[in-house]
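An overview of the molecular structure
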Amino acid sequence: MRLSKRLGTPLLLLVALITASIIGYRLIGGPDVHFLDALYMSIITLAGVGYGEIVDTSHNPWLRIFNIGVIMVGVTFTVYVFSAVTAFLVEGQITDLFRKRKMQKRISELRHHYIVCGLGDTGRYVVGELHKTGTPFVAIDQNEEHVKQFIEKQGDEYREMLYVIGDATDEAILDQVNLEHAKGLIAAVSSDKDNLVITVVARQKSTKVRIVARWTDAKYTERLIKAGANSTVSPNAIGGMRMASEVLRPHVVGFLDMMLREKSKTLRIEELVVKGHSPWLGQQLEALRLKSEYNLLPLAIRSTHEGASPNFWVNPPENVVLSAGSVVIVMGDVNDIRRARNDSKEDHDPAAVPPVAKA
């Protein structure tokens, strides 16, 4: 609950009591009681500090009776207001402490997640895509107020977003977001130098994590790759190609926009990796029944099979055999893609399961 809502009523009552006390002291005390004297008398009476009476009540019974009333009512309201403020501050601190501990526990339990460094103009779109596709992630940003504003703007569905406040170039912060068990890291802070440092530190701490780094100055592209980034991206270059595509192929761009902005279904082009223990291993593409069972459209295959071309095989024939390390590029709803991916990872007993992926 916000401070203004929780303390609004008691503070208004306190102000009303001070105002009434000032009016009473001036009316009952007579013309000799000035506004400042009445205000001072009200404050010391309500605060109970024990100073001498600035407005003499010893010769005015009605004024003394009024002062007794101010003391009785004022002390009650003063205690109420201060206790409300104290409770709000203490509860807020305790709640925030428990929330951060709970969040850190959830982060420490993450496996095969993605780390997004920076919630700026680029990072917020990265987070949006990860959230839409149900991908586990944790964000790092130095400005907690910035993060809270981002969550507030996105709405209730982002309330449970995991984040850490700190400098992503710090090894301790990368340890805090469980880099050791992360699948990927996106260095998307505004400074190319910081992205370079993040890349170096992250690669030193993990040889397996896939690192994608943002750059603005073209001279950092090669530096980032040498530092350990698997790939680099320039928002300016991507934006320029997008603008050219809007002119040259507007219908294609419209289709891709539909995929990204569709509310009822989250359509994406995704990859399904066939590993050594997969039940898809050694099966023909036709046997997987990607269209009928998963409503997925196979677009291309990249195979590491000996003798196979290292390039992508676009619009592959249905009799192509999948080998260990083959990557099937498909298009479809993220829920169908997730279902197919889960089935491709199941333990496979050739004697018990037919050579067809289960729906």
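Cut-off values and rules
Residues numbered from 1 in each chain as written. Predicted model: local features only at pLDDT ≥ 70, side-chain atom pairs only at ≥ 80, totals over all residues. Heavy atoms only, no water. Helix = DSSP H or I, 4+ residues; strand = E, 2+ residues; numbered from the N terminus. Contact = heavy atoms within 4.5 Å. Areas by Shrake-Rupley, 256 points an atom, 1.4 Å probe, with all protein chains shown as cover. Pairing = 2+ DSSP bridges. Axes fitted to C-alpha atoms, helices over the stretch in contact; angles between N-to-C directions. Salt bridge = Lys/Arg side-chain N within 4 Å of Asp/Glu carboxyl O. Buried < 20%, exposed > 50% of the residue type's maximum accessible area, 1.4 Å probe, protein only. 1 Å grid on protein atoms, 1.4 Å probe; cavity = no way out; pocket = protein on both sides within 12 Å on 5 of 7 lines; lining within 4 Å. Points joined across faces, edges and corners; volume = space filled by probe spheres on them. Nonpolar A, V, L, I, M, F, W, Y, C, P; charged D, E, K, R; others polar. Polar contact = N/O pair within 3.5 Å; in protein donor to acceptor, adjacent residues only side chain to side chain. Core = buried A, V, L, I, M, F, W, Y, C linked by side-chain atoms within 4.5 Å. Phe/Tyr/Trp six-rings, centres within 6.5 Å; stacked < 30°, edge-to-face > 60°. Lys NZ or Arg CZ within 6 Å of the ring centre and 35° of its normal. Parallel < 35°, antiparallel > 145°, perpendicular 65-115°, else oblique. Left-handed = near helix turned anticlockwise from the far one by under 90°.

Attention now goes to the overall build of the chain. Secondary structure summary: the chain contains 13 helices and 10 strands in total. Long-range pairs, those at least 24 residues apart, make up 62% of the contacts in the chain between residues at least 6 apart in sequence. Of the roughly 21,700 Å² of accessible surface on the chain, a fraction of 58% belongs to carbon and sulfur atoms.

Where strands meet in a sheet, backbone hydrogen bonds hold them as pairs that are either parallel or antiparallel. Strand order in this open sheet of 4 strands is 7-10-8-9, and the pairing throughout is antiparallel. With one partner strand each, in any of the chains shown, strand 7 (267-273) and strand 9 (313-314) form the two edges of the open sheet. Contacts from helix 10 (residues 250-261) reach strand 7 and strand 10 (327-333) within the one sheet, and its direction differs from that of strand 7 by about 80°.

Applying the stated criterion to the full structure yields 18 salt bridges. Among the salt bridges present, the one from K148 reaches E144, with a minimum N-O distance of 3.7 Å. Pair noted here: K148 and E144 are both in helix 5 (residues 144-154), with a separation of 4 residues, about one helical turn. Exposure remark for E144: the relative accessible area of 22% places this residue in the partly exposed category. The structure contains a network of salt bridges with shared partners spanning R99, K100, E144 and K148.

Here we take up unusual backbone geometry. The phi dihedral of N295 is positive, around 60°, even though this residue is not glycine. Relative to the assigned elements, N295 resides in the loop between helix 12 (290-294) and strand 8 (297-302). Here N315, not a glycine, exhibits a phi torsion of approximately 50°, which is positive.

All right, on to the layout of surface pockets then. Each pocket or cavity is described by its volume, and for the second largest pocket that value is around 390 Å³. Lining the second largest pocket are 14 residues, and of these R99, K148, I151, R159 and Y163 sit closest to its centre. Sorting the residues of the lining of the second largest pocket by element identifies helix 3 (61-108) and helix 5 as the ones contributing at least two each. When grouped by side-chain class, the residues that make up the lining of the second largest pocket number 4 nonpolar, 1 polar and 9 charged.

Before going further, it helps to examine the side chain of H113. Relative to the elements of secondary structure, H113 occurs in the loop between helix 3 and strand 1 (114-117). For H113, a relative accessible area of 0% gives the class buried. Of note is the side chain of H113, whose polar atom sits 3.4 Å from the backbone oxygen of N178. Those residues in contact with H113, other than ones at most four positions away along the chain, are P136, F137, V138, V177, N178, H181, A182, K183 and G184.

We now examine the nonpolar core. Ranked by size, the top nonpolar core spans 45 residues in total, and within it I115, M161 and L185 carry the most contacts. One finds Y294, V330, I337 and A340 within the second-largest nonpolar core, a separate group that totals 15 residues.

What follows deals with helix 4 (residues 123-132). Inspection of helix 4 places G123, V126, V127, G128 and L130 among the buried residues, and these make up the whole buried set. In this structure, the buried side of helix 4 is in contact with strand 1, strand 2 (137-141), helix 5 and strand 4 (184-187).

With that settled, the discussion passes to the packing of aromatic side chains. Aromatic rings in a pair are described by how distant their centres are and how their planes are angled relative to each other. Under the counting rule described, the total for this entry stands at 1 aromatic pair. Ring plane angle 90° and centroid distance 5.8 Å describe the contact between F150 and Y158, whose orientation is recorded as edge-to-face. Of the residues examined, F150 reaches a relative accessible area of 9% and is grouped as buried. Residue Y158 is classed as buried on the basis of its relative accessible area of 5%. Across from the ring centre of Y220, 5.0 Å away, lies the NZ or CZ of R223, which sits over that ring. Over the aromatic face of F312 sits the side chain of R302, whose NZ or CZ is 5.2 Å from the ring centroid.

A few words on the packing of helix 9 (residues 235-248) against helix 10. The relative placement of two packed helices comes down to the angle between their axes together with the axis-to-axis distance. For the pair helix 9 and helix 10, the least separation of the axes is 6 Å and the interaxial angle reads 120°. The orientation of helix 9 relative to helix 10 falls into the category oblique. Seen from helix 9, the contacting residues are R242, S245, E246, V247 and L248; seen from helix 10, they are P250, V253, D257 and R261. Residue classes in the contact of helix 9 with helix 10 are distributed as 4 nonpolar, 1 polar and 4 charged.

We now examine helix 13 (residues 334-344). Given 3.6 residues per helical turn, the α-helix brings residues three or four places apart onto the same face. Where helix 13 is concerned, the buried positions are V334, D336, I337, A340, D343 and S344. Tucked inside the fold, the buried residues of helix 13 contact strand 7, helix 12 and strand 10.

The geometry of helix 7 (residues 192-205) relative to helix 8 (residues 220-227) is characterised by a closest axis approach of 9 Å and an angle of 15° between their N-to-C directions. Comparing the axis directions of helix 7 and helix 8 gives the class roughly parallel. Of the two possible hands of crossing, helix 7 and helix 8 adopt the one that is right-handed. Contacts from D192, K193, N195, L196, T199, V200 and R203 of helix 7 reach helix 8 at Y220, R223, L224 and A227. Classifying every residue of the contact of helix 7 with helix 8 gives 5 nonpolar, 2 polar and 4 charged.

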